[in-house]
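Coordinate analysis (summary)
Next come the chains, spelled out residue by residue.
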Amino acid sequence: MRGDQLSLAVHLPQPCDLESFVAAPDLQAIAQLRANESAYLHGPAGVGKTHLLLAACRLHGGRYLPLSSLLGEPAEILAGLAIDQPLAVDELEGAPEQPEFWMALLRMLDQRGFGNGVTWVASRNAPDALHRLPADLRTRLARLPRFHVPALDELQQFQLLIEGAERRGLALPDDVTRWWLRHLPRDAGSLLAGLERIDRAALKARRRLTLPFVQAVLMPPAAAPQDEPQDD
Amino acid sequence: MLDKDLWTRCLRWLEAELSERELSTWLRPLQPVFQPDRLILFAPNRIVQERVRQDHLEQIRGALAHLAPGVPLTIDLMVGVAEVSPAVTPAVSMPADSATDTPLNGERDASLSAYTGKLDPRYTFNSFIEGKSNQQARAASEHVVEAPGMAYNPLFIYGESGLGKTHLMHAVGNRIQQHNPNANIAYLGAEQWLNHMVSAIRHGRQEGFKHYYRSVDALLIDDIHFFAHKERTQEEFFHTFNALIDGRKQIVLTCDRYPKDIDGIDERLKSRFTWGLSVAVEPPELETRVAILMAKADQAHVRLSEDVAFFVAQRIRSNVRELEGALHRLSASARLRGEPITVEFAQATLRDMLAAYDRLVTIDNIKRTVAGYYNIRISDLTSAKRTRSLARPRQVAMALCKELTQHSLPEIGEAFDKDHTTVLHACRKVVQLRDEDPKIREDYDLLQRRLGFG
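1. Here we look at the interface of chain A and chain B
Each partner contributes residues to the interface: chain A has 48 residues there, and chain B has 57 residues. If you sort the residues of chain A by the area they bury against chain B, E76, F114 and R143 of chain A come out on top, with a joint share of 17%. The interface formed by chain A and chain B includes 8 salt bridges. We note a salt bridge from E322 of chain B to R146 of chain A, for which the minimum N-O separation is 3.4 Å. At the junction of chain A with chain B, the criterion picks out 25 residue pairs in polar contact (both at pLDDT 80 or more). Looking at the side of chain A that touches chain B, the elements that each hand over two or more residues are α1 (28–34), α2 (49–60), β2 (63–66), α3 (99–114), α4 (135–142) and β5 (146–148) of chain A. It is α3 of chain A that contributes the most residues to the side of chain A that touches chain B, 6 residues altogether. Partitioned by chemical class, the residues of the side of chain A that touches chain B number 22 nonpolar, 13 polar and 13 charged.

2. Describing the domain arrangement of chain A
You'll often see interface size given as the accessible area lost when the parts meet. Here chain A is partitioned into domain 1 (3–148) and domain 2 (154–218). Between domain 1 of chain A and domain 2 of chain A, the C-alpha centre-to-centre distance is 27 Å.

3. Quick notes on the sheet that holds strand β4 (residues 119–123) of chain A
Where strands meet in a sheet, backbone hydrogen bonds hold them as pairs that are either parallel or antiparallel. Residue and element names in this part refer to chain A. Within the open sheet, the 5 strands sit side by side as β2-β3-β4-β1-β5. Their pairing is parallel. The outermost strands of the open sheet, each flanked by one partner alone, are β2 and β5. On average, each strand axis in the sheet is inclined to that of its neighbour by 15°, with strand direction left out of account. In terms of strand pairing, strand β3 (residues 87–90) meets β4 through 3 bridges, oriented parallel.

4. What to know about the environment of A31 of chain A
Residue and element names in this part refer to chain A. If you trace the backbone, A31 turns up in helix α1. Residue A31 is classed as partly exposed on the basis of its relative accessible area of 28%. Separated by 13 residues in sequence, A31 and L18 place their C-alpha atoms 9.0 Å apart.

5. A few points about the nonpolar core
Among soluble globular proteins, nonpolar side chains are generally buried collectively. Of all hydrophobic cores here, the largest spans 80 residues; its most connected members are L92 of chain A together with L30, I60, W193, L219, F237 and F273 of chain B. Formed by 26 residues, the second largest nonpolar core is a distinct cluster that contains I292, L293, A297 and V302 of chain B.

6. Some words on helix α13 (residues 320–337) of chain B
Residues and elements named next belong to chain B. With 18 residues, α13 extends 26 Å from end C-alpha to end C-alpha; this agrees with the ideal 26 Å at 1.5 Å per step. For α13, the capping residue at the N-terminal end is N319, with a side-chain oxygen 3.0 Å from the backbone nitrogen of R321. At the C-terminal side of α13, G338 shows a positive phi close to 65°.

7. Some remarks on the pairing of strand β1 (residues 31–35) of chain B
Residue and element names in this part refer to chain B. Counting buried residues along β1, 5 of its 5 residues qualify, which places the element largely inside the surrounding structure. Across 5 bridges, β1 lies against strand β2 (residues 38–43) in antiparallel orientation. Its bridge partner being in β2, F34 is matched across the sheet by L39. Hairpin connection of β1 to β2: 2 residues between the antiparallel strands.

8. Description of the packing of aromatic side chains
Residue and element names in this part refer to chain B. Tallied over the full model, the rule gives 15 aromatic pairs over all chains. Here the aromatic rings of W193 and F209 are separated by 5.2 Å at their centres, their planes lie at 70°, and the arrangement is edge-to-face. Taken together, the positions of W193 in helix α7 (residues 190–202) and F209 in helix α8 (residues 206–214) put the pair 16 residues apart, joining distant regions of the chain. The residues W193 and F209 share a single accessibility class, namely buried. Three or more aromatic residues link up through ring pairs in this structure, and these residues are F156, Y158, W193, F209, Y212, Y213, F227, F237, F241, Y258, F273 and W275.

What counts, and at which threshold
- Residues numbered from 1 in each chain as written.
- Chains lettered and ligands numbered in written order.
- Predicted model: local features only at pLDDT ≥ 70, side-chain atom pairs only at ≥ 80, totals over all residues.
- Heavy atoms only, no water.
- Contact = heavy atoms within 4.5 Å.
- Buried area = accessible area lost by both parts, 1.4 Å probe.
- Salt bridge = Lys/Arg side-chain N within 4 Å of Asp/Glu carboxyl O.
- Polar contact = N/O pair within 3.5 Å; in protein donor to acceptor, adjacent residues only side chain to side chain.
- Helix = DSSP H or I, 4+ residues; strand = E, 2+ residues; numbered from the N terminus.
- Nonpolar A, V, L, I, M, F, W, Y, C, P; charged D, E, K, R; others polar.
- Domains from an automatic or database assignment.
- Pairing = 2+ DSSP bridges.
- Axes fitted to C-alpha atoms, helices over the stretch in contact; angles between N-to-C directions.
- Buried < 20%, exposed > 50% of the residue type's maximum accessible area, 1.4 Å probe, protein only.
- Core = buried A, V, L, I, M, F, W, Y, C linked by side-chain atoms within 4.5 Å.
- Expected span 1.5 Å × (residues − 1).
- Phe/Tyr/Trp six-rings, centres within 6.5 Å; stacked < 30°, edge-to-face > 60°.

Listed below in structure tokens is the structure:
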């Protein structure tokens with residue numbers, strides 16, 4: 001006997017992994033992280049640097065330090081990490097503006113270099129362009145092999161949306177995808193955050209992903225376009 | 001029966017409740033040690049310990065109750081590092097910076113030496129590549145280790161970041177230790193001295209602190225400029241300095257500038273810094289950069305031909321760490337792509353890095369570099385003052401802008417609040433002075449190297 005299929009209100013978080021990262025096929029940063037080798041990732045906001053670091057932490061059991069979230073924390077927060085555990089330092093440009101903090105970071109990098117510890121760093125800028133940081137720290141960061149993480153091109157943005165939706169068990173109709181890529185921010189971070197929002201909203205409302213539904217979720221009513229072309 | 005895999009499964013379980021960010025920031029740094037009915041989680045420091053205790057301990061308990069039902073489990077959260085072996089009684093070692101914590105289980109007191117760093121055995125005189133830019137500093141360092149505390153005390157090594165000061169300091173420490181394995185050598189960063197001093201004051205252990213540093217055979221302090229504007233620290237260091245010099249114990253200091261040029265350091269301390277020998281480490285010239293690259297490649301077992309080393313050294317000119325970074329990048333790409341490192345390969349792989357490097361030579365950067373070199377303010381370069389101490393650096397800066405950038409005379413003039421004829425005059429004057437005055441020639445050549453040319 002078959003009963004009606006129950007819709008369970010279970011939201012499955014998407015694991016942060018290197019496999020799901022949509023990027024240019026020759027992005028060597030991914031192979032470097034997968035091989036558990038040190039790297040300095042730089043590229044504009046929203047290209048997925050944080051995703052890469054978190055995925056590497058998940059894969060190799062690393063410690064993640066988002067510097068902009070550590071404002072007000074004493075420099076001691078950097079202390080004590082085992083040398084055999086990888087360290088991911090994110091949002092370098094947001095590091096607290098305290099000489100003690102920078103010096104602690106500098107010594108930590110020295111210590112890890114000395115012990116061949118794996119260190120990953122991500123920033124919007126290459127080390128030599130981080131003028132806010134002391135030269136001692138900049139040059140230490142410059143020792144890491146650096147990899148540029150570029151912004152997604154149009155095809156990759158499309159691919160990210162479609163594959164990201166599929167992994168969540170969602171079907172994104174063509175008109176939704178077209179509207180999304182035309183009217184909303186298209187960096188990887190925004191696209192993934194949008195998918196997360198519509199996933200949760202669809203689960204809660206038990207709705208298919210129609211264009212009006214997605215518009216209502218992702219854009220405030222006042223900002224939603226009135227005359228959306230159906231095809232283009 | 002509990003096993004280490006349980007912690008991994010616990011983290012996987014918590015992926016449903018916590019973001020990857022929270023997990024990797026707070027929970028992944030924890031090191032588990034399982035005992036028959038007890039799980040000890042070692043946090044790297046007090047902050048992680050507190051955060052986990054407040055926000056995540058119940059979640060961990062809940063996850064473990066699901067994954068190991070029926071197993072009574074006590075969770076202890078401690079600061080420290082679990083040793084590799086998950087022994088029944090965990091061996092604990094305290095990380096250097098958490099030495100101010102309450103000793104674990106009352107078993108261990110914070111060591112006085114916990115704040116000092118370790119000498120890196122890779123940094124020796126043999127692995128130091130010598131060139132014109134650093135030969136004096138190397139010779140002085142080697143001289144010091146022949147008779148520590150007797151000549152050149154203190155040895156003060158100064159220069160910009162990434163040029164080998166720390167390498168020489170470690171080499172001195174390693175050689176002294178080699179000659180005398182019982183020598184008590186304290187190597188530390190200036191901020192570590194400060195942290196140690198603050199901790200000693202807080203815990204009423206000033207006497208122990210003083211005794212420790214005043215009884216070493218050699219004191220090596222990196223980045224002494226960090227003492228600037230910290231009067232109490234300078235005061236304590238002053239007395240330690242005197243005690244060590246009186247006891248003929250060797251002191252080696254590194255700094256980003258010449259002692260007299262450090263702002264915020266007491267005059268009597270500055271004066272003492274120059275009692276021994278102050279030696280500069282300058283940016284390496286091309287031949288030295290090539291030799292450094294080849295040596296680093298050898299150490300890393302990377303096959304690097306001389307023409308590739310020459311290509312990279314020609315393009316990356318500021319400091320040794322940049323060269324190392326380029327080598328690491330080439331080595332990683334060659335490994336990942338299974339290709340040999342040729343000049344074309346290097347060109348393509350380092351494209352972004354080299355382009356960014358080329359962009360560094362701007363008028364602003366030249367002004368900053370020249371002002372730093374002559375120890376004047378950047379605004380002095382654009383002021384109307386015509387004293388020689390300002391006019392000469394201004395002319396040098398203008399000439400460098402003309403030679404190293406594509407800017408026109410009027411554009412350079414505008415950047416210095418002058419007209420283009422002043423710039424033209426400055427360029428001609430500097431050409432003449434470089435012919436006539438060896439000091440100006442040396443300054444100009446050095447500034448070019450600092451800006452990545454030559």
